[in-house]
Amino acid sequence: MRTLIQGGTIVNEGEVFAGSVIIEGETISRIIKGNDILRSTSNDIPEGPYDEIIDASGCFIIPGVIDDHVHFREPGLTEKADIDSESIAAAAGGVTTYFDMPNTVPQTTTLEALQEKFDIAAKHSHVNYSFFFGATNENTCLFPQLDPHTIPGIKLFMGSSTGNMLVDRREALERIFASAPLPVMAHCEDTGIINHNMEAAKHRYGEDPDVSHHPEIRSAEACYESTRLAVELAEKHGTRLHVAHLTTAKELELIPPNRGGQRITAEATVSHLYFYNRDYVALGTHIKCNPAIKTLNDRDALRDALNDGRITVIGTDHAPHLLSQKEGGCAKAASGMPMIQFSLVTMLELVDQGVLSLERLVELMCHNPARLFEVRRRGFLREGYQADMVLIRPNKGWTVTKECILSKCGWSPMEGHMYLWRVERTLCNGHTVFCQGKVDANYIGQQVEFR
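Just so it is clear, the model here is predicted, and its values are computed rather than measured. (Residues numbered from 1 in each chain as written. Predicted model: local features only at pLDDT ≥ 70, side-chain atom pairs only at ≥ 80, totals over all residues. Heavy atoms only, no water.)

### Some words on the packing of helix α3 (residues 170-179) against helix α6 (residues 220-237)
Here's step 1: The contact between α3 and α6 brings their axes to 9 Å, and the two run at 50 degrees. What the angle tells us is that α3 and α6 run oblique. By crossing handedness, the relation of α3 to α6 is classed as right-handed. Only Leu-229, Ala-230, Glu-232, Leu-233, Ala-234, Lys-236 and His-237 of α6 make contact with α3, whose side of the interface consists of Arg-170, Leu-173, Glu-174, Phe-177 and Ala-178. (Axes fitted to C-alpha atoms, helices over the stretch in contact; angles between N-to-C directions. Helix = DSSP H or I, 4+ residues; strand = E, 2+ residues; numbered from the N terminus. Parallel < 35°, antiparallel > 145°, perpendicular 65-115°, else oblique. Left-handed = near helix turned anticlockwise from the far one by under 90°. Contact = heavy atoms within 4.5 Å.)

### Here's the deal with the pairing of strand β1 (residues 2-12)
Here's step 1: For β1, the tally of buried residues reaches nine of 11 residues, placing the bulk of the element in the interior.
Here's step 2: Bridge count for β1 against strand β2 (residues 15-24) is nine bridges, and the pairing is antiparallel. Each bridged residue has a counterpart across the sheet, and for Arg-2 the counterpart in β2 is Glu-24.
Here's step 3: Hairpin connection between β1 and β2: a loop of two residues separates the two successive antiparallel strands, and Glu-13 in this loop has a positive phi of roughly 50 degrees.
Here's step 4: Pairing analysis gives four bridges linking β1 to strand β4 (residues 52-55), with the strands arranged parallel. Bridging across to β4, Gln-6 finds its partner in Asp-55.
Here's step 5: Strand direction decides the pairing type here: β1 and strand β5 (residues 60-63), joined by two bridges, are parallel. Note on β5: the bridge partner recorded for Ile-10 is Ile-61. (Buried < 20%, exposed > 50% of the residue type's maximum accessible area, 1.4 Å probe, protein only. Pairing = 2+ DSSP bridges.)

### Brief notes about the environment of Glu-199
Here's step 1: Mapped onto the fold, Glu-199 is located in helix α4 (residues 191-205).
Here's step 2: As a C-alpha pair, Glu-199 and Ile-217 span 18 residues in sequence and 9.0 Å in three-dimensional space.

Here you go:
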């Protein structure tokens, strides 16, 4: 299969230029600057003929998004979501690769559970995939058996939101940081502080405090103290630490600007970059997540950090729940929201607002995840790389309706929101997996290779 994508504007590795892409099978064979030599659609096109010619006029062509942080809920929690449904939503959102988290049922804390996930994805994932291995208080003995070429890293939950995967013993944390052969991605919240805050909130507001108190309970202090400990341990043991979903201005003081080669990096999620605590009034528990969405000052500090290198990666922490599970307040409502289908267009809205440039967005959502986790031949538009790419069209207004939501849970905090950018087409390994509202559910993505 030979494909020509012509007439678009390519955004890649800090450059923006009119150009065309030639795909041979699964890989990019050539990137051509300028469109003049490729205006004809007849068989005398240079390097033709082609099995397919895609007109990208008016579109930007970017690498496929790599989402380093999703919860697709399979196995064991498939009433909320599964690999089939959420990878379809990913394709519609321009995400061509995802790394899934280990708090499923069973938890991905054994080699057998890890293999089970790979087996499921090989049959049902419509984009490329890999899975984090979960650390526990007792399983560091398995670390030497992990294959560094098949998984991105080890996920460590230093908070209480994770279905009994909390690692809270100092000696266990020391062992994990001392022995981890791969990057450690850490969820950082201090359980003791959270429990104290919850008791105080219940005493003041009742057994299920209103969700507006969520950022007081899962407070900035709880995040800072846990992140401080993670950084301390990483520096002590020389561990490659990636702090998940930073939420506070204070935590940013702990993260050095990433100029390449830093051993400590941080992720911000789309939700924490877009919402702040005033949004609880309109959206309630639909934006309840852990760590909590916090103040306008925190949100704006995270936005500033996108451009100075302290935030290296933008993920989603895509975490679907049934709407019935989102009922209640701080104590009863489940934490987490589905965002993968709307992550790219939401960040493009921030580009329009001047928060970051389109080139920087591509760096944070495509290039840097590939660099950070040492993904092989993905994350860039380069000759010889897998043809994972997205065509995005500006000035194409549309509104999120329930009918267009593809996550299995059937809802989104973005419902009713109008976007001015649209994902026009998503190619995964050279195959069009999404185009103009339709997903090819017969296509199966590939297992990602690392290092």
